[in-house]
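Observations on chain architecture
In case you want the letters, here they are:
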Amino acid sequence: QQPVQSPQAVILREGEDAVINCSSSKALYSVHWYRQKHGEAPVFLMILLKGGEQKGHDKISASFNEKKQQSSLYLTASQLSYSGTYFCGTENYGGATNKLIFGTGTLLAVQP
Amino acid sequence: DVKVTQSSRYLVKRTGEKVFLECVQDMDHENMFWYRQDPGLGLRLIYFSYDVKMKEKGDIPEGYSVSREKKERFSLILESASTNQTSMYLCASRNQMGTQYFGPGTRLTVL
């Protein structure tokens, strides 16, 4: 029951915006976002805990719609450093505490 | 800074060998995790641990076992390595706020 991420891959020019979506078939307690650069370990971006919550991290922000069981990651005015694979991780109600189920990832490539 | 270290970056083993992957964290985190990462499949949870000597199966535990004798150390064991266990293995620990810190990974090849 991995969450579904879309798109699978996206190519941008510097300065363009992108949205990455994460949908679950189960009720969500929280959504976590990570970025993994090529050859490196995944790095934490943010956690969203409440329905409708939005958070920002530099020019990267996210929303969490608990009713729709989905989250979106917004990357505005993209920079070359944003390139990498983005993963959402979900914690489900009724699931084991602290257990994250990760999606299959979205590959983002930002070109000059 | 939180540091999660893994014993090897690259490992090559033969089918049937017993393989130990070790992970150490230096932040006194109670929760630790082992994932495998394969192209197109994302990060899949093998086992996790809430505390010393506590372990829980993740989504793909078959063929693996774990050991947590000390809080800072979480080991993944492949009792009899098979070629389908060739993968990137990532260890992580988690703080009380929910942030997971990942190690650099071990790329295991089973011949």
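1. Thoughts on the overall build of chain B
Helix and strand counts for chain B stand at zero helices and eleven strands. Listed N to C, the secondary structure of chain B is β-β-β-β-β-β-β-β-β-β-β in terms of helices and strands. Taking 111 residues into account, the globule formula puts the C-alpha radius of gyration at 13 Å, and chain B, at 13 Å, falls close to it. For chain B, the spread of C-alpha atoms along the three principal axes comes to 40 × 25 × 25 Å. The burial tally for chain B puts 50% of its 111 residues in the buried class. Sequence separation of 24 or more characterises 53% of the internal contacts of chain B that already satisfy a separation of 6 or more. Summed over all atoms, the accessible surface of chain B reaches about 5,500 Å², with 49% contributed by carbon and sulfur.

2. Section: the interface of chain B and chain A
Each partner contributes residues to the interface: chain B has 23 residues there, and chain A has 20 residues. Taken as a group, Leu43(B), Arg94(B) and Phe102(B) account for 28% of the area that chain B buries against chain A, more than any other trio of residues on that side. Joining chain B to chain A, the criterion identifies two salt bridges. The residue Lys99(A) makes a salt bridge to Asp59(B) at a minimum N-O spacing of 3.1 Å. Linking chain B with chain A are five residue pairs in polar contact (both at pLDDT 80 or more), by the criterion used here.

3. Focus on the confidence of the model for chain B
In this model, chain B carries a mean pLDDT of 95, and residues with pLDDT of at least 70 account for 99%. Here strand 6 (residues 56-57) of chain B is the element of chain B with the lowest mean pLDDT, 93, and strand 11 (residues 106-110) of chain B is the one with the highest, 98.

4. As for the state of the cysteines
The final tally for this structure, using the stated rule, is two disulfides over all chains. Put simply, Cys22(A) and Cys88(A) are joined by a disulfide, and their sulfur atoms are 2.0 Å apart. One disulfide, between Cys22(A) and Cys88(A), carries an S-S torsion of 75° and so falls in the right-handed class. With a gap of 66 residues between them, Cys22(A) in strand 3 (residues 18-23) and Cys88(A) in strand 9 (residues 84-92) connect regions that are remote in the sequence. By relative accessible area, which is 1% here, Cys22(A) ends up buried. A sulfur-sulfur distance of 1.9 Å marks the disulfide that ties Cys23(B) to Cys91(B).

5. Overview of the pattern of salt bridges
Residue and element names in this part refer to chain B. Here the structure, examined in full by the defined rule, presents eight salt bridges over all chains. One salt bridge in this structure joins Glu79 and Lys18, with 3.5 Å as the shortest N-O distance. On the criterion of sequence distance, the pair formed by Glu79 in the loop between strand 8 (73-78) and strand 9 (87-94) and Lys18 in the loop between strand 2 (10-13) and strand 3 (19-25) is long-range, its members being 61 residues apart. Among the ionic pairs, Glu22 bridges to Arg73, the shortest N-O distance being 2.9 Å. On the criterion of sequence distance, the pair formed by Glu22 in strand 3 and Arg73 in strand 8 is long-range, its members being 51 residues apart. Glu22 gets classed as partly exposed once you look at its relative accessible area, which sits at 29%.

6. Regarding the environment of Lys68(A)
Its place among the elements puts Lys68(A) in the loop between strand 7 (60-65) and strand 8 (70-75). C-alpha separation for the pair Lys68(A) and Gly56(A), spaced twelve residues apart in sequence, amounts to 21 Å.

7. Describing the layout of surface pockets
When its volume is computed, the largest pocket comes out at roughly 720 Å³. Lining the largest pocket are 26 residues, and of these Gln36(A), His38(A), Thr85(A), Gln37(B) and Arg107(B) sit closest to its centre. Among the elements of the structure, strand 9 and strand 11 (106-111) of chain A together with strand 4 (31-38) and strand 9 of chain B are those that each provide at least two residues to the lining of the largest pocket.

8. Looking at the environment of Gln100(B)
With respect to the helices and strands, the residue Gln100(B) is situated in strand 10 (residues 100-102). Separated by 16 residues in sequence, Gln100(B) and Asn84(B) place their C-alpha atoms 27 Å apart.

9. Quick word on the confidence of the model for chain A
Averaged over chain A, the pLDDT score is 90; the fraction of residues at 70 or greater is 91%. Taken element by element, the predicted model of chain A shows its lowest mean pLDDT in strand 6 (residues 54-57) of chain A (70) and its highest in strand 3 of chain A (97).

Reading the values: rules and limits
- Residues numbered from 1 in each chain as written.
- Chains lettered and ligands numbered in written order.
- Predicted model: local features only at pLDDT ≥ 70, side-chain atom pairs only at ≥ 80, totals over all residues.
- Heavy atoms only, no water.
- Helix = DSSP H or I, 4+ residues; strand = E, 2+ residues; numbered from the N terminus.
- Rg over C-alpha atoms; globule rule 2.2 N^0.38 Å.
- Buried < 20%, exposed > 50% of the residue type's maximum accessible area, 1.4 Å probe, protein only.
- Contact = heavy atoms within 4.5 Å.
- Areas by Shrake-Rupley, 256 points an atom, 1.4 Å probe, with all protein chains shown as cover.
- Buried area = accessible area lost by both parts, 1.4 Å probe.
- Salt bridge = Lys/Arg side-chain N within 4 Å of Asp/Glu carboxyl O.
- Polar contact = N/O pair within 3.5 Å; in protein donor to acceptor, adjacent residues only side chain to side chain.
- pLDDT = per-residue confidence, 0-100.
- Disulfide = S-S within 2.5 Å.
- 1 Å grid on protein atoms, 1.4 Å probe; cavity = no way out; pocket = protein on both sides within 12 Å on 5 of 7 lines; lining within 4 Å.
- Points joined across faces, edges and corners; volume = space filled by probe spheres on them.

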